[in-house]
Structure formats: C-alpha cells, structure tokens
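# Fold and geometry: a report
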Amino acid sequence: MSQFLTCQEYENLAANLKYPTQAFIGGKFVSAASGKTFATINPATGKDLAQVASCGKEDVDKAVSVARKTFDSGVWSKMHPTERKKIFLRLCGLMEKHMVELAVLESIDSGKPIRENLCTDLPETIECLEWHAEFSDKQYGSTSPSGNLKRGLIVREPSGVVACVLPWNFPLQMVGWKLGPALSEGNSVIIKPASVTCLSTLRLAELAAEAGVPEGVLQVLPGPGGLVGEALGRHMDIDVLSFTGSTDVGRRFLQYSAESNLKRVVLELGGKSPFVLLEDFTDFEFAASQACSAAFWNMGENCTANSRIIVPASKKEAFLSAFVTALSQWRMGNPLDPANALGSMVSEQQFKTVMGYIEKGKAEGGRIVTGGKAAPIGSGLFIEPTIFDNVKRDATVVREEIFGPVTAILTATSDEDALALANDTCYGLHGSIFTESLTKAHAFASELKAGTVSVNCFSEGDNTTPFGGYKLSGFGGKDKGRESHDQYTEQKTIFINLDR
Ligand code: NAP
Ligand code: MG
C-alpha cells in the first residue's frame, strides 16, 4: 500500500481538482451552441460534480468541419510520422505527470476505485498510447508479385475524419484504444464520451493541446447519445465511426451509415463470456482468484466479464467454497480509499438495471451464494458482488448481459458439455479456460466462438493483441494491436507500368 496516498489525501485532491467542462473544438473549450449543460455526478456520493456542455447537431457540424479542414491542411495528416510520434509521446509524458490527478478525476466521475485507476486504467492507457505512438514511423507498405514489367505498390493512407463514440466503463482506456491508432495514422478525431463519464476525456484533450497536437486534430463533444452520437453516425463527412458500447446501440450505427454516406463502422459490443474449469483442473484456489477478477473486476461493468462460471458438477462445491473465500478479500467502499477493490455502480440507471437482474435471478429460482443486495455505503450506488447457484441454463441471468457484479455458476457433465454450454450464447467476446493439458487448451480454444480466449488466467491480452468479438459482440474490425490500424486507414493500390 505504500505506493498510495491516504484516502484523506485523495479526498483533498478531489476537492481541489480543476478540470474543463466545455466541449473541445478547434483547440478551444467552448460552450454548446445551444448553451445547454447537463450534470455529471459522483456516483459514490450521489453529489453533483459539474455542469458539462450538452452538445447537439450544430456542434457536431462545427467539429466535423474543423476536423475536415485540419485533415486537408496536412498539418497532422502529412506531418512526418516521426514528428507525429514525438508530439504523441509528449502527450503520454504529460499523462504520466498528471497520473494521480487523472486517476482521482476518473474515480469521482465514475465510481471506480482509485487503486484500479492508478494500477490498471491509467498505466494501461498511457502504455497503449505509447505503443501506437511508436508505431507511427514503423509501418511499411508492400509490393505485389506483378512481374518485372509492372510494379504494384500497396500503401495505406489515413482515412480522414474519425468519430469515436464511447462507453462509460473504462472511460480513458477506451479513448486510448481508439485515439492511439487513429492519431498515429494522421487522422482528425472527434470523441463523444459517455455522458456519465466525460470529464477525464476533456482533461486529456487539454493535455493533448499542451503536448502540441495541432488544433483541430482532436475534438471532444459531450452530450446525449441520441443527439451527438446519432448526428455523428449520420454525418455525410465522417469517414470512420468507431463505437464501443451495447449491441442495441451498435446496430443503430450500421443503420446510420447505410442511410448516410456508407462510412466505415467498427463495433465493439457486449458479451456474456464463459469461465470454464475443465475436469482435470483442481487448483481451485488459483481458479477462484481468477474468477473474482473475471466476474467482479470493475464491479462487473466490463464487456469481457465472465458472468457464466462453468465447472464440472463433481467439483462445484469445492470450487464455490474457494470462490467465496477469495471474494471475501475484495473490499468494497469509498473509491478514493486505496484499500478498496470495488467501488460503486456508475449511475442510478445502471444500479437499477443490475438490481433488477438480481431480482429476476431470484424469481427464476436461482440461489444466492453470496451478495444479492445493495450495500449501504453512504448515499452511493453500491451493489454487493453476487454469485448465483442453481440457475437453469436458460435463466435470464445466464442469457443476458448484466454489466454489473453478478455471476452465475453452471455445472457441466463433461468437458464436451462444458464446451457446448460455453458456446450457447448469442455473444462471442471472450472466454477463459483452465486446464493442465496443453492439448485440451488448444482444442478448446479453437472450438470456442469468441474473439479472445485466455488460458489459465482471465485476460484480455495486451497492447499487442487485437481485441473484438464474434457474433453479436462485434463487427467490422478490431481494437488494439497492429490490426486496430486497419480501421483508421484506407488501402490503396498504385500500379506502375515499367515497360514504356
Ligand atoms: P451504450 O448505452 O450503448 O452507450 C455507448 C455510447 O453510445 C455512449 O456514448 C452513448 O451516449 C451513445 N449512445 C446512446 N444511445 C445512442 C444512440 N441512439 N445513437 C448514438 N449513440 C448513442 O453502452 P454503455 O451503457 O455506455 O456501455 C455498456 C456497453 O458497452 C455494454 O454492452 C458493454 O458490453 C459494452 N462494452 C463493450 C466493450 C468492447 O470492447 N467490446 C468495451 C466496453 C463496453 P450516452 O452516454 O449519452 O448515453
Ligand atoms: Mg459521473
């Protein structure tokens, strides 16, 4: 704990934080054209934090026009990649310098524990941006095997104006996943953060300006999804729309694109991911510690949350006992107290949704092993981490994404049954499997219909590995890794006649 300040010190920092609350367009913070604002709250206390500019269509038009002009000017898109890299790395340096401040800001706006922000969200966002910044001047095109008399060059060019519409569960990390490759390729970018968690993105825009990212390269537009998100989705002069959020809203972006300019749409969507213990795996203590992260990390407000824990029927009791013991180490409470691993739900709406699922789980015959209630911590929106047992395979808590601290235990009669259960979902974002057998690990990993499979750990991979879903979990491209750059670039063939 020595690397942390005290809770009181974080509280003092929080009380004195200064951060922008207006939209960021053309290098300046500006009010929404309508003059409207909305309140963002601290969900751990229920108190209003700030009034934020509530943008609409007029602001979207202005931001797109500035982004297009900036792109066409070449000030960023045609800057030498090494220069772009240097500016981008300066932004990473500034984020590092302001890490504690950003972590506190993220905590008070979202309810996430400060220790998570300091140990995971902030370092991973900075490393992600660094990785893509470094990539700026390390990409090569290719030549085609077109014979001696022709030369086919296959090159990539920045797409142009990119819009990113983001969720609230990992506000800064999601910015990192999209902004990293988009900026590194030379695009101009417009970010629409989730309404309940837009403060850290606005502060990041301020740091980007300080780092020397030219004005007009990055804009941030807070405001309602139904206005700002839809206006971006339908805009005739946006080239790429990269979305992370729910499957329902994701579908709309395909429609918006089809009804406007056929902009490229990339969707990272929801999940209902399985955590599978195969018959041969008996290190229950280790599996249980991983299951805690898989199910409850970020209060289960995680697209890869493993909310279906599949164990051999004969091992259920032993595993459950280890699971409950491991979970008892996860303290919940004030997100600014570094002892706490679990904070509050992000919003009252999400709190109600999750409590509704818990009630439904009980009504459909599920037995609560632990949790199942709101936690009375001040006036915050806290929910106890909840494990359901005795659930039917078609119970609502088994089929639908909950996006909260609720997981269900399912039993399998064999490894084949476990695989069938794991794949019995409309989603395909992630899966964890535990086995002592390398052969089984490979066989199971290739049979699981999911974009990421982690073996003997719960993991989403790292900055070098692409991330995205099968089935209703994704569409059109990947975040992270080299592959993420594909969505922000156009591929061009230049075919040269050498025979003249
Ligand atoms: P959401 O309701 O789909 O919202 C995501 C974003 O879309 C927000 O910025 C939202 O704006 C905006 N939006 C809402 N309605 C819109 C509309 N009609 N048109 C255009 N934009 C609209 O999702 P969420 O509740 O924020 O996030 C939770 C979901 O994200 C979960 O399903 C989770 O699995 C998924 N997720 C996936 C990944 C991944 O990488 N696969 C990562 C994180 C989360 P407002 O904030 O103003 O409503
Ligand atoms: Mg908030």
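Keep in mind that this is a model prediction, so the values were computed, not measured.

The rules we used
- Residues numbered from 1 in each chain as written.
- Chains lettered and ligands numbered in written order.
- Predicted model: local features only at pLDDT ≥ 70, side-chain atom pairs only at ≥ 80, totals over all residues.
- Heavy atoms only, no water.
- Axes fitted to C-alpha atoms, helices over the stretch in contact; angles between N-to-C directions.
- Helix = DSSP H or I, 4+ residues; strand = E, 2+ residues; numbered from the N terminus.
- Parallel < 35°, antiparallel > 145°, perpendicular 65-115°, else oblique.
- Contact = heavy atoms within 4.5 Å.
- Nonpolar A, V, L, I, M, F, W, Y, C, P; charged D, E, K, R; others polar.
- Donors = N, O, S within 2.8 Å, 3.2 Å for Na, K, Ca; no water.
- Buried < 20%, exposed > 50% of the residue type's maximum accessible area, 1.4 Å probe, protein only.
- Near = heavy atom within 4 Å.
- Polar contact = N/O pair within 3.5 Å; in protein donor to acceptor, adjacent residues only side chain to side chain.
- Areas by Shrake-Rupley, 256 points an atom, 1.4 Å probe, with all protein chains shown as cover.
- Core = buried A, V, L, I, M, F, W, Y, C linked by side-chain atoms within 4.5 Å.
- UniProt positions renumbered as here; feature names shortened; annotations may be inferred.
- Salt bridge = Lys/Arg side-chain N within 4 Å of Asp/Glu carboxyl O.

### Here we look at the packing of helix α5 (residues 114-135) against helix α6 (residues 171-184)
- Running from amino to carboxyl end, α5 crosses α6 at an angle of 5°, the nearest separation of the two axes being 8 Å. With respect to α6, the axis of α5 lies roughly parallel. From α5, T120, D121, L122, E124, T125, C128, L129, H132 and F135 reach across to α6, where they touch L172, Q173, G176, W177, L179, G180, P181 and S184.
- Here the contact of α5 with α6 is built from residues that sort into eight nonpolar, seven polar and two charged.

### As for the coordination of the magnesium ion (ligand 2)
- Donor atoms from the polypeptide that coordinate the magnesium ion (ligand 2) comprise T40 (OG1), I41 (O), D109 (O), D109 (OD) and V196 (O), at 2.3 to 2.7 Å from the metal.
- Of note, the magnesium ion (ligand 2) draws all its donor residues from one chain, in the sequence arrangement T-I-x67-D-x86-V. Of this pair, T40 sits in strand β3 (residues 37-42) while D109 sits in helix α4 (residues 99-110), placing them 69 residues apart in sequence.
- Its relative accessible area of 2% is what places T40 among the buried residues.
- Given a relative accessible area of 1%, D109 falls into the buried group.

### Some thoughts on the site of ligand 1
- Ligand 1 sits among 31 residues. The nearest are L166, S195, S246, L269 and E401.
- A distance of 2.6 Å separates an oxygen atom of ligand 1 from a polar atom in the side chain of S246.
- The backbone of L269 places a nitrogen or oxygen atom 2.8 Å from a nitrogen atom of ligand 1.
- Notes on ligand 1: free accessible area 900 Å², of which the protein chains cover 88%.
- If you list the elements that add at least two residues to the shell around ligand 1, you get α8 (225-234), β10 (240-244) and α9 (247-258).
- For the shell around ligand 1, a count of residues per class yields 16 nonpolar, ten polar and five charged.

### Overview of the nonpolar core
- Counting 123 residues, the largest nonpolar core has L179, V189, L277, F319 and F323 as the members making the most contacts within it.
- Element by element, the count of residues in this core is highest for helix α10 (residues 284-296), at eight residues.
- For V189, the contacting residues outside a window of four places in its chain are V162, C164, L179, A182, L183, V217, L218 and Q219.
- Counting residues in hydrophobic clusters, the runner-up holds 24 residues, among them V30, V60, V165 and L232.

### Side note on the UniProt feature "active site" (unreviewed entry) in the protein chain
- In the numbering used here, UniProt assigns the feature "active site" (unreviewed entry) to E268.
- Note on placement: E268 falls in strand β11 (residues 264-268).

### Regarding the UniProt feature "domain: Aldehyde dehydrogenase" (unreviewed entry) in the protein chain
- On the UniProt side, "domain: Aldehyde dehydrogenase" (unreviewed entry) is annotated at positions that read residues 29-494 here.
- Within the segment residues 29-494, helix and strand shares are 39% and 22% respectively, and the terminal C-alpha atoms sit 41 Å apart.

### Things to note about the pattern of salt bridges
- Scanning the entire structure with this criterion turns up 26 salt bridges.
- A salt bridge links K138 to D137; its shortest N-O distance comes to 2.8 Å.
- K373 is the partner of E384 in a salt bridge, and the nearest nitrogen-oxygen pair spans 3.5 Å. One end of the pair, E384, is in the loop between β16 (382-383) and β17 (386-389); the other, K373, is in the loop between β14 (367-370) and β15 (374-375), and eleven residues separate them in sequence.
- Counted as one network, the salt bridges with shared partners bring together K85, E134, D137 and K138.

### A word on the environment of H235
- With respect to the secondary-structure elements, H235 resides in the loop between α8 and β10.
- Between the C-alpha atom of H235 and that of V453, which follows or precedes it by 218 residues, the distance is 36 Å.
- Here H235 is in contact with V60, D61, V64, S260, N261 and K263, once residues within four sequence places are set aside.
- Separated by 2.9 Å, the side chain of H235 and the backbone nitrogen of D237 make a polar contact.

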